[in-house]
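A closer look at the structure
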Amino acid sequence: MKPPALKAEVKKAFKKLLKQKGKQRQIEQTAVSLHQEVFADTDCLACANCCRSIPPIVTGQDARRIAKYLGMKESVFESTYLRIDEDGDQVMNTTPCPFLDEYNYCAIYEVRPKACAEYPHTDMRDFCKHPALHLQNAQVCPAAARIVAAIVEKCQ
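What this report covers is the structure whose coordinates are included nearby.

Reading the values: the criteria
Residues numbered from 1 in each chain as written. Predicted model: local features only at pLDDT ≥ 70, side-chain atom pairs only at ≥ 80, totals over all residues. Heavy atoms only, no water. Phe/Tyr/Trp six-rings, centres within 6.5 Å; stacked < 30°, edge-to-face > 60°. Helix = DSSP H or I, 4+ residues; strand = E, 2+ residues; numbered from the N terminus. Buried < 20%, exposed > 50% of the residue type's maximum accessible area, 1.4 Å probe, protein only. Lys NZ or Arg CZ within 6 Å of the ring centre and 35° of its normal. Contact = heavy atoms within 4.5 Å. Core = buried A, V, L, I, M, F, W, Y, C linked by side-chain atoms within 4.5 Å. Axes fitted to C-alpha atoms, helices over the stretch in contact; angles between N-to-C directions. Left-handed = near helix turned anticlockwise from the far one by under 90°. Nonpolar A, V, L, I, M, F, W, Y, C, P; charged D, E, K, R; others polar. Salt bridge = Lys/Arg side-chain N within 4 Å of Asp/Glu carboxyl O.

1. A closer look at the packing of aromatic side chains
- Applying the stated criterion across every chain yields a total of 3 aromatic pairs.
- Plain terms: the ring middles of Phe14 and Phe127 are 6.1 Å apart, the flat faces sit at 90° to each other, and that makes the pair edge-to-face. Within this pair, whereas Phe14 is found in helix H1 (residues 8-19), its partner Phe127 is found in the loop between helix H6 (114-118) and helix H7 (131-138), the two being separated by 113 residues in sequence. Across this residue pair, the class does not change: Phe14 and Phe127 are buried.
- Taking 5.4 Å as the distance between ring centres and 35° as the angle between the ring planes, the aromatic pair formed by Phe77 and Tyr81 counts as tilted. Taken as a pair, Phe77 and Tyr81 lie in helix H5 (residues 74-81) at a separation of 4 residues, close to a single helical turn.
- Through a chain of ring-to-ring contacts, three or more aromatic side chains come together here, namely Phe77, Tyr81 and Phe99.
- Looking at Arg112, its charged tip hangs above the ring of Tyr109, at a distance of 3.8 Å from the centre.

2. Notes on the side chain of Thr30
- Note that Thr30 resides in helix H2 (residues 24-40).
- Setting aside anything within four residues of it in sequence, one finds Thr30 in contact with Ile151, Lys154 and Cys155.

3. Some details on the nonpolar core
- Leu6, Phe14, Leu18, Ile27, Phe127, Val148 and Ile151 are the most contacted members of the largest nonpolar core, which has 26 residues in total.
- Listing elements by their share of this core, those giving two or more residues are H1, H2, H7 and helix H8 (142-155).
- Element by element, the count of residues in this core is highest for H8, at 9 residues.
- With near-sequence residues (within four places) excluded, Leu6 lies in contact with Lys11, Leu135, Ala138, Gln139, Ala145 and Val148.
- Core analysis: the next-biggest nonpolar cluster, separate from the first, contains 13 residues, Ala48, Leu82, Phe99 and Ile108 among them.

4. A look at the side chain of Asn137
- Tracing the backbone through its elements, the reader meets Asn137 in helix H7.
- Setting aside residues up to four positions removed in sequence, Asn137 forms contacts with Ile54, Tyr119, Pro120, His121 and Ala144.

5. What about the packing of H1 against H8?
- Between H1 and H8, whose axes approach to 9 Å, the crossing angle comes to 65°. Crossing of H1 against H8: the hand is left-handed. Taken together, the residues of H8 that come into contact with H1 (itself represented by Val10, Ala13, Phe14 and Leu17) are Val148, Ala149, Ile151, Val152 and Cys155.
- Classifying every residue of the contact of H1 with H8 gives 9 nonpolar, no polar and no charged.

6. Here's the deal with the pattern of salt bridges
- Across all of its chains, the model carries 4 salt bridges by this definition.
- Its salt-bridge partner being Asp62, residue Arg65 comes within 2.7 Å of it at the nearest N-O pair. With Arg65 and Asp62 both in helix H4 (residues 60-70) and 3 residues apart, this pair spans about one turn of that helix.

7. So, the environment of Thr30
- Accessibility expressed as a relative area gives 15% for Thr30, which makes it buried.
- Taking the C-alpha atoms as reference points, Thr30 and Asp123, 93 residues apart in sequence, are found 9.4 Å from one another.

Here it is as structure tokens:
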């Protein structure tokens, strides 16, 4: 399930809105509220676009936790499942994620990377400081696209 592309005018309005200093508190409160509302009726298992298309950052702490869960040495886990990306971050080495099964369940859900647990970051602190991240995630995640569009509608 690919999210509908955000219209150019929504992207432009979102970027402009996030730059307005007097609006930031309202936007951040609205984002948290919308995140809760949208995810209350979102079935991520019906989509899994994030797991299919974005290799998550895996911190050293994530790698240790996952390796232990899998009963592997950390070095074996890293050489089997991780790579360094163009930004210098340690990420999963394949997309879709090697831990995504045919029913869109995560085989390591209980110990998944922090980046996965926090995705799509629409309830993050300092929401307004990351417009590019939110627009990028809205291209992948239908819920993030709904949240971005609703913020533009509610906060203008």
